[in-house]
Amino acid sequence: MDFTISPEIEDYRQRISRFVEDEILPVEMNRDSWDAHGNIAHDWLEPLREKARAEGLWCLQLRPETGGRGLGKVGMAVCYEEMNRSIFGPVVFNSAAPDDGNMMVLEKAATDAQKERWLQPIVQGKVRSAFAMTEPHPGGGSDPGMMLTTAKKDGDKYIIKGRKWFITGAEDAKHFILMARTSDDPRRV
Ligand SMILES: Cc1cc2nc3c(=O)[nH]c(=O)nc-3n(C[C@H](O)[C@H](O)[C@H](O)COP(=O)(O)OP(=O)(O)OC[C@H]3O[C@@H](n4cnc5c(N)ncnc54)[C@H](O)[C@@H]3O)c2cc1C
């Protein structure tokens, strides 16, 4: 793997660093901007997201055709480190879990129609999403082979049976990616 930091990545790094310093850290210092869970409150988040977007510092991790800048893994490591100087940073740049991982899964695995319906609203910052994997004991956590939730095909739908917990952002999420078992083969979760 080539760990060279290109001039483009260095430029993003510097711009993100300045944005975090000038725009986000002053907001984080103000207790009024915190919600009950210790995240940035919605009314404070939206103007910062708009500003980050206007400055071209938005969804950098995604491919250009999806609406990102194709940062790659080295660029993500460099830029995410700068974003995380503030606990509010990643969400401002639309690079925070669970949306971040969900967007990458959808970008890689979804059909064009699924991307239009599920991915683009997250990319555009219109909705938040969640990821439902972890289950209460004896279900799956670190080891997905232990997953108990099943998805059984029924015509053109799936019937899901199971219980999930620890779903970050579940209350605000417009849609979820759910991990479930589709066969008894331990390798086919
Ligand atoms: C802040 C936070 C946010 C989270 N958000 C989400 C979310 O959005 N969606 C979601 O689905 N989950 C979420 N989780 C849950 C998280 O993904 C799980 O806690 C994690 O996967 C570990 O699972 P577990 O807690 O069941 O622990 P376990 O899987 O029970 O693991 C406990 C210990 O046992 C070890 N272990 C487990 N299985 C094996 C094995 N087969 N062999 C040997 N050792 C093993 C592990 O390494 C670990 O040390 C979140 C957790 C936190 C703390």
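Residues numbered from 1 in each chain as written. Predicted model: local features only at pLDDT ≥ 70, side-chain atom pairs only at ≥ 80, totals over all residues. Heavy atoms only, no water.

**Considering the overall build of the protein chain**
Piece 1. Tallying secondary structure elements over the protein chain gives six helices and four strands in all.
Piece 2. Each helix and strand of the protein chain, ordered N terminal to C terminal, gives the series α-α-α-α-α-α-β-β-β-β.
Piece 3. Projected onto its principal axes, the C-alpha positions of the protein chain cover 50 × 40 × 30 Å.
Piece 4. Looking at the protein chain as a whole, 40% of its 189 residues qualify as buried. (Helix = DSSP H or I, 4+ residues; strand = E, 2+ residues; numbered from the N terminus. Buried < 20%, exposed > 50% of the residue type's maximum accessible area, 1.4 Å probe, protein only.)

**Here's the deal with the packing of aromatic side chains**
Piece 1. If you walk through the whole model with that rule in mind, you get three aromatic pairs.
Piece 2. Arg31 extends its terminal NZ or CZ atom over the ring of Trp34, reaching a point 4.8 Å from the ring centre. (Phe/Tyr/Trp six-rings, centres within 6.5 Å; stacked < 30°, edge-to-face > 60°. Lys NZ or Arg CZ within 6 Å of the ring centre and 35° of its normal.)

**Concerning the domain arrangement of the protein chain**
Many structure descriptions define interface size as the accessible area lost when the parts assemble.
Piece 1. The domain architecture assigned to the protein chain consists of domain 1 (7-96) and domain 2 (97-189).
Piece 2. A C-alpha centroid distance of 25 Å is found between domain 1 and domain 2.
Piece 3. The partner domain 2 presents 16 residues to the 17 residues of domain 1 that form the contact.
Piece 4. Taken together, the two surfaces of domain 1 and domain 2 that pack against each other cover about 1300 Å², and 45% of this comes from carbon and sulfur.
Piece 5. On the domain 1 side of the interface with domain 2, the three residues burying the most area are Leu62, Thr66 and Ala96, jointly 37% of the side's total.
Piece 6. On inspection of domain 1 and its partner domain 2, the count reaches zero salt bridges.
Piece 7. The interface formed by domain 1 and domain 2 includes 11 residue pairs in polar contact (both at pLDDT 80 or more). (Domains from an automatic or database assignment. Contact = heavy atoms within 4.5 Å. Buried area = accessible area lost by both parts, 1.4 Å probe. Salt bridge = Lys/Arg side-chain N within 4 Å of Asp/Glu carboxyl O. Polar contact = N/O pair within 3.5 Å; in protein donor to acceptor, adjacent residues only side chain to side chain.)

**Notes on a nonpolar patch on the surface**
Piece 1. A contiguous nonpolar patch, built from Tyr158, Ile160 and Leu178 and spanning about 280 Å² of accessible area, is present on the exposed surface.
Piece 2. Position of Leu178 among the secondary structure elements: in strand S4 (residues 175-178).
Piece 3. Exposure remark for Leu178: the relative accessible area of 34% places this residue in the partly exposed category. (Patch = residues over 30% accessible without salt bridge, like charges linked within 9 Å, V, L, I, M, F, W, Y side chains within 5 Å. Areas by Shrake-Rupley, 256 points an atom, 1.4 Å probe, with all protein chains shown as cover.)

**Points about the packing of helix H1 (residues 7-29) against helix H3 (residues 72-83)**
Piece 1. Put simply, H1 and H3 touch, their axes get as near as 8 Å, and they point 15° apart. Relative to H3, the element H1 lies roughly parallel. For the pair H1 and H3, the sense of crossing is right-handed. Along its contact with H1, which presents Ile9, Tyr12, Arg13, Ile16, Ser17 and Val20, the element H3 presents Val74, Gly75, Val78, Cys79, Glu82 and Met83.
Piece 2. For the contact of H1 with H3, a count of residues per class yields eight nonpolar, two polar and two charged. (Axes fitted to C-alpha atoms, helices over the stretch in contact; angles between N-to-C directions. Parallel < 35°, antiparallel > 145°, perpendicular 65-115°, else oblique. Left-handed = near helix turned anticlockwise from the far one by under 90°. Nonpolar A, V, L, I, M, F, W, Y, C, P; charged D, E, K, R; others polar.)

**Topic: unusual backbone geometry**
Piece 1. Cis geometry marks the peptide bond from Ala97 to Pro98; its omega dihedral reads 0°.
Piece 2. For Cys59, which is not a glycine, the phi torsion comes out positive at approximately 50°.
Piece 3. Mapping Cys59 onto the fold places it in the loop between helix H2 (42-54) and H3.

**Here's the deal with the site of the ligand**
Piece 1. Every residue close to the ligand is listed here: Phe131, Ala132, Met133, Thr134, Gly141, Ser142, Asp143, Phe166, Ile167 and Thr168.
Piece 2. At 2.7 Å, a side-chain N or O of Thr134 approaches a nitrogen atom of the ligand.
Piece 3. Between the ligand and Thr168 there is a distance of 2.6 Å, counted from a nitrogen atom to a side-chain nitrogen or oxygen.
Piece 4. Burial of the ligand by the protein chains amounts to 39% of its free accessible area of 970 Å².
Piece 5. Of the residues that constitute the shell around the ligand, the class distribution is five nonpolar, four polar and one charged. (Near = heavy atom within 4 Å.)

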